[in-house]
Structures are given as structure tokens and as C-alpha cells.
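This is what each chain is made of:
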Amino acid sequence: MAKIMLKLPKLAVSMQEGTLREWFVESGTQVTLGQPIYALETEKTTVEVESPFEGTFTCIGEVGQTYKVGDPIAEIVQ
Amino acid sequence: MSDQAFPNALPQVTALSIYKTMIRIEACDQRIQQLLAAGALQFQYYPCGGQEAIPASIAPLLNEGDQVVTTYRGVHDIVAKGTPMAEIIGEMMGKVNGTSKGKGGAMHLSDPNAGVMVTTGIVGAGMPIANGLALAAKLKGTGRVVVVNFGEGASNIGAFNESINMAALWDLPVVFLCQNNAYAEYTSFADSTRSKSIAGRAAGYGLVGETVDGTDPDAIHSAAKVAIERARSGKGPTLLECNAYRLQGHSFGSEEDHMDQEELAEARANPPIAKFRAALIDRGDATAADLDAIEADAKAEVEDAVEQSMAADMPSEDELYIDVFANTADVPYVGTPDNKAEPDLSDREVQTITMCQAITEALDLALEKDPDVFLLGEDIADPAGGVTKATVGLSTKHGEDRVRATPISEQAIIGAAIGASLSGMKPVPEIMINDFTMVCMDQIANHAAKLRYMSGGRTSVPITIRTVTAGNIGNFAAQHSQSLEAFFTHTPGIKVVAPSTAADAKGLLLAAIADPDPVMVIEPMRCYYVPAEVPEGYYEIPLGKAAVRREGKDVTLISYGWAAVEAAAAAEALAEDGIEAEVIDLRSLVPLDLSTCLESVKKTGRCVIAHAAVEFGGFGAELAAKLSEELHGELKAPIKRIGGSYTPVPFTPSLESLHFLNADKIKNVASQIAG
């Protein structure tokens, strides 16, 4: 079993932080590669972040909260 | 078997090798994006999805010695040319195991071991440099071919025009590989040009152009084979356009609203890798299991590279100043230039010649001494012999290959010099007038000055750019009279030399040509045709060693270039008033002989810095600030500067004389603080 921490990604060169707007999956569910997992609002736009891994998903971040690039957002267990 | 059913198909071995490279590219590209999406890596990444087939299909046609130049969206080109996966990923993570010890980053991978000579972040800038690599191949007869990759967006940049024209003119062994992915950043092909294709432009330059489906390995391979054979056999360049739709936005994480959504969906539904996989199985070249094994191997290779790179260190602090120059001692204020002794020329015969003739002699000696030295520039070959006549006779003596007249194409001139230097040559490009360096500033400042550092010392650019500053010769006006040295002293990685005497012009130029770093030599036209004594034979005046022209105890006059002549005259006039001025001619600004300046100003307690360049924001401001910091409390008066007025250089004599300094003005300023 491997635990992978998903951190807030840097989606643009100027991006320092982003706001978690919505979870598309619940903790405990299986996610597949490329499945949209959360909506992230940045200074420029709101994007659907796709899962870079498959496995069992756990939400860490809270909707409405602003996080810095690199802050933990979720976890996937493979 | 595939030969009969698929007459245009590649041999099985080649096809599988191409597929394997495509899969290795995809594995690398996807893994990087996975790490970015997980927030484990954070940098601007330009994915290559959709373009994998292009370099993969060309790779089997290139020898180890062949060279590639690519762009920031170039990881596919780099993987295909053979750079080890761990060095690519390590560099993207900023680790010491990367191609450039982490100092170049994702946009500047270079790996001369594999023939990846430059990866540039400046759109279109690779083409002039590729010409230089190809020129070196041609001059040295290595049989090497250069492939330069760029996007269709880069085809609308001036460097494209200059480079394609020069390559066609000189029959250079280069393949201009336009990877047309339909979007230049956020702008579509149709919104960028009325050209129907990029290859169609080739006819206007007198070279062959061809467009192929950049998702079809069979088509790419066969077209590239003809182009590479053409280059290798000395028949010149080809403009090969490979159309391959970009399967994602401009950069990782960027929106895709600017892309035609129907076209994008269609391209994504039939990506080149899946299409080729199906074809290989269909042709009977491989089974699904064979291809699965290739994919598993590629993933394992990438995983191993990620693990190695995760475990590697970031570069240590001492790396900050390493690779700016070959010798860190040349970095201003960080080291003290290795003061090689001034050559003992006391037993030399002396001749009375002009600075211009001294420069011609230096170039002649350099061409004789080192077969890797060659000159290039506008009008430099005989009978013109250069607009200043500084190269007269040299093409007749050394041949037009080594004293090479060029089109009026400054970016192509400097790029060709850079490329040839990356292949070990010692080019001496001439940019006729200092003002014209502004039209090739990208090649000088973003490439010549930075390639050693961006490659972590794997490459270097030992070129000597000769240029004349034509200030204060009368009526040459705003665009032919500037002294622009401060642009270059403000650009880490390039040395700047400014002689004031004929003997120095010769010795400094020879030292610059022998130097392992790029050097700009700014020759003052005001001193160009004044006869003076010059020692005969070869000698070098070391860079970073100022000359004390006159000793004095009351005030130090620091200058360089033609202003140093005015400073010396000012000192004589001051002596008549009983003020003994010490005159320092810096000779080179980078490396800087700070210790000679400090020693003198410490002694006199007073200093005037005089230069032809505009005073505001000039090199004198830097030097004055540094001397004030170092000698605070020991100065008897504030350090003064005198330079050009904050105006473009006026044409009319009444205003031109107000703009520039002269001996009287220097004397007046010095008298104010030392009188």
C-alpha cells in the first residue's frame, strides 16, 4: 500500500495560492486516472483538477478555504 | 510481411524503435504532469502531447554526433536524442543530477554528450544558433547534421527569416523542423499568418520545403530521411513542417478555451501513439503483449529516474557563482581577476600604425595561430574589407570561408558565432556599429552570455564580438554614436572590453579571442585612425588589468575607451594648475580591476569617473557607488561622474559638443573637487 499526498498544484507561473471550491468525490471512494476530483479557483480562473493517480481517495482540504501552493489537499492510497 | 500489405510502412525494426521512443516520451511527459498535478513539483511545464511521433521518427536517422536544438516545449526532442531520463527529470526538479546541475531548469536542458546543444526559452532563437553548429560542421568537415526544432509561431519571428536565408545561402547542413501544433501559445495558426503552410515559405528563400502529417511516423521518417541526406551530402538545408495538433493547452494547468473544442476532441480521440500502436498490431509488426512490455519498460525507466532524482541533492551554495565564467575569479566583486603579468614587450620592434591597422594585425595573427578562429560580419571580405577597413586583406589571405561576409542579419551573425563556438570554434563576429547590437540583443544577452550557466558548465560560448562605437566623430547622430557598454556589463556572463590605445586594442583583442568566455570588444572610432606606436608580433594584454596612464596624488581620473584619451589630456591641463591627477584606463569593465581603482582613490581621496556613455545609469554609477561603499570615511570629496547628457546623441555640432564630454569638462569637474 502506497500513500500519495496530493498537494495544491501550481497551475500558472504567478500562482501562489488557490481556493478549494468543490469536491467532486467523497472520502473513501475509488478514483481513476484523469477523473475530476476537485474545483480549484485561482487568481485567473477556476479549473477542475484531475486525479493524477488511481486509488482510494481521502479529502483533507475544506471547501471555501484558501491554500498555498504545496499545501496538502487530499490523499490517495494505492 | 508488412512490406506487401503496407507498401509505405517502415521496416519492422525501425517501426518498433520509433514506437519505443514515442512511449518513452509519453511516459516522461505524463509522469512529470502527474507530479505537477499532485503538487509534488512546481514549475512552468510545456507538455509535448501529440508531438511524440516527430522526434521519435527522426531519431533512427541521426548519428550520435548529429546535433539538435530545441525549445521549452522540447522534452520529446531531448528524450529522443538520447539524454538519460534521470538527467532530464533531475534537471526539472532542480537537482545536481540534472543536465545542468539544476541551474537551467525545465526550459534549458542541454546535453552536448547526446548532441542536445541548446534548449531555448526564447521563441525562434534556436535557428540562428543551429546555423552556427552547422557552419562548424561544414568548416570542419565532420559530416554532422543539425536539426533545429521550433513551432509554427516561431516562424513569424525575425530570426526565422535571417536564419533560413543564411542557411540557404551557405548550403548549411541543417534541417529546419517546424513542429506545427496549430497554436502559438494561445493564438491559432489562422490568427497568426496568411501563409497556407510554413513550408510554403521555403521557395522564397531558395530551399526545399515540405509539409507532412506529424502524427504519422512513416511519413515523417521518409521526409526526414531525404532532408537529412540532403544536408549530409552538402546540398543544403530543408524546411520540413510536421503538422501535429497540440493535445492540451499551452502549459500545464493552463486553460484550453482558446482551442477549437471540436478539433481538440477529435485529435484527443485519435492520438498519434494509439494510432501507431493499432497500425503496428495490424501490420503484424508486434503483438499487443509486445507493445505492453515496451510500455512497462518505459514506465520503469521513468520511475527509476524519478527515484534517483528525488534522492539527489539540490546544488550547494557555492554553485551560485560557478559557471558564470570559466573562472569564477572574473565575476565582479566575487573574485579578483587573475592578474596575469603585463607582457614584457621591451625588446619588441615597434611600428607606427593606426588602431584600425593594429586590429587588422591582431585578427591576422589570430587567424594564423588557431585554425578554429574565423571572422564573420557584414562587408568584411575583400574588396570592401569592412566599412572601417579593419579586415582589409584578410579574406584574400585566409580565404572567404574564414573571413566570411554575411547578409545584413545581426541575429544570424551572432547566432552563427554562438553555434560554431558550441562546437569548439573561436568565432569573431563583427557588429559594425555598437548601436546595431540592439537588434541582436537576444542572441548576445539571452544566449551567448547565459549558455554556460544555463548548461551548468556543459557548454561555453568563446566568441569575441567586435563592434565600433562611433561617438563624437561628428554628425553621426542618435543611432550611430552610442556607447552601450552598460547594457552588457549589466548582463552576467559576457565580458566587456574597451581599449583606448592602438597597442591595447591589439593585445586586448588577442586576449579576448583566446578567452574561454564571450567577450564584447568596443572599439572607439574616434581613436581608430590616429597613428601610434604598436609592438610587433603576437601579445595579449590580460583582461581585468587596468593601466595607470599617469601617476598623481591629488585626484584619480578613471575612464576607458575614447574618453580615456580626454581624461589623459585633462590631467595634463590640471598639472598646469598645480593639480596632480592619476589617470586610470580600465581597459576592461568585466572583469573589473577594482583593486587598482581602490588603491588609487585611497591614495588621492578624490575621484572623477569619465565615460562617453550617457551618465545617467551608466557604468560610472556602478563604480562610483562601489568605491564610495569601500572607501567611506577616507574620501576627501564626493566621487563625481561625467558622461553624456541624458539625450539621444544630437546631429548638429553645436548640440553634439554639449552632449559629449571632453578634456575641458573633465578638468572642470576635477578642479571642483581638487582645486
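For clarity, every value in this text was computed on a predicted model and none was experimentally measured.

Colleague: Can you walk me through the sheet that holds strand 10 (residues 373-378) of chain B in this structure?
Modeller: Across a sheet, paired strands are connected by hydrogen bonds in the backbone, their directions being either parallel or antiparallel. All names here are of chain B. Taken together, the 7 strands give an open sheet; going across it, the order is 11-10-12-13-15-14-20, and neighbouring strands pair in mixed fashion. A single partner strand is all that each edge strand has here, and the edge strands are strand 11 (403-406) and strand 20 (588-590). Mean inter-strand twist for the sheet, computed between neighbouring axes without regard to direction, equals 20°. Where strand 14 (residues 495-497) meets strand 20, 2 bridges bridge the pair, whose relative direction is antiparallel. Looking across to strand 20, one finds that V496 is bridged to V590.

Colleague: Which parts of the structure should I look at to understand the sheet that holds strand 1 (residues 67-71) of chain B?
Modeller: Residue and element names in this part refer to chain B. Spatially, 2-1-3-4-8-7 is the arrangement adopted by the 6 strands of the open sheet, whose pairing is parallel. Looking at the sheet topology across the chains shown, the edges are occupied by strand 2 (116-120) and strand 7 (208-213). Taken over all neighbouring pairs, the strand axes of this sheet differ in orientation by 15° on average, direction set aside. The sheet contact formed by strand 1 and strand 2 spans 4 bridges and is parallel. Within strand 2, the residue paired with V68 across the bridge is V116. Where helix 8 (residues 217-232) meets the sheet, it contacts strand 4 (174-180), strand 7 and strand 8 (238-243), and its direction lies at approximately 160° from that of strand 7.

Colleague: I would appreciate a short explanation of the interface of chain A and chain B in the present structure.
Modeller: Where interface size is quoted, it is often the accessible area lost as the parts come together. Each partner contributes residues to the interface: chain A has 15 residues there, and chain B has 12 residues. At the junction of chain A and chain B, the tally comes to 3 residue pairs in polar contact (both at pLDDT 80 or more). Among the elements that take part in the side of chain A that touches chain B, strand 1 (residues 3-7) of chain A stands out by supplying 3 residues, more than any other. Here the side of chain A that touches chain B is composed, by residue class, of 12 nonpolar, 1 polar and 2 charged.

Colleague: Is there a simple way to think about unusual backbone geometry in this case?
Modeller: Peptide bonds are trans in most cases, and residues, glycine excluded, mostly fall at negative phi. Residues and elements named next belong to chain B. For the peptide bond that leads from D382 to P383, omega is 10°, which places it in the cis range. Backbone torsion omega between V590 and P591 reads 0°, so that peptide bond is classified as cis. Looking at where P591 falls in the secondary structure, it is placed in the loop between strand 20 and helix 20 (594-604). Its identity as a non-glycine residue notwithstanding, D171 has a phi of 50°, on the positive side. Looking at the element boundaries, D171 is found in the loop between helix 7 (158-169) and strand 4.

Colleague: So what exactly am I meant to see when it comes to the side chain of R277 of chain B here?
Modeller: All names here are of chain B. Inspection of the secondary structure assignment puts R277 in helix 10 (residues 272-283). Separated by 2.9 Å, the side chains of R277 and D292 make a polar contact. Excluding its chain neighbours within four sequence positions, the residues that come into contact with R277 are Y19, A288, L291, D292 and E295.

Colleague: Explain the nonpolar core to me, please; I cannot follow it from the model alone.
Modeller: Considering soluble globular proteins, one finds that nonpolar side chains tend to be buried as a cluster. Membership of the largest hydrophobic core comes to 85 residues, with the highest contact counts inside it found for L6 and F57 of chain A together with C28 and M92 of chain B. In terms of residue count, the dominant contributor to this core is helix 2 (residues 12-37) of chain B (12 residues). Grouped together as the second largest cluster of nonpolar side chains are 81 residues, M117, A167, I463 and I465 of chain B included.

Conventions used here
Residues numbered from 1 in each chain as written. Chains lettered and ligands numbered in written order. Predicted model: local features only at pLDDT ≥ 70, side-chain atom pairs only at ≥ 80, totals over all residues. Heavy atoms only, no water. Pairing = 2+ DSSP bridges. Helix = DSSP H or I, 4+ residues; strand = E, 2+ residues; numbered from the N terminus. Axes fitted to C-alpha atoms, helices over the stretch in contact; angles between N-to-C directions. Contact = heavy atoms within 4.5 Å. Polar contact = N/O pair within 3.5 Å; in protein donor to acceptor, adjacent residues only side chain to side chain. Nonpolar A, V, L, I, M, F, W, Y, C, P; charged D, E, K, R; others polar. Core = buried A, V, L, I, M, F, W, Y, C linked by side-chain atoms within 4.5 Å. Buried < 20%, exposed > 50% of the residue type's maximum accessible area, 1.4 Å probe, protein only.

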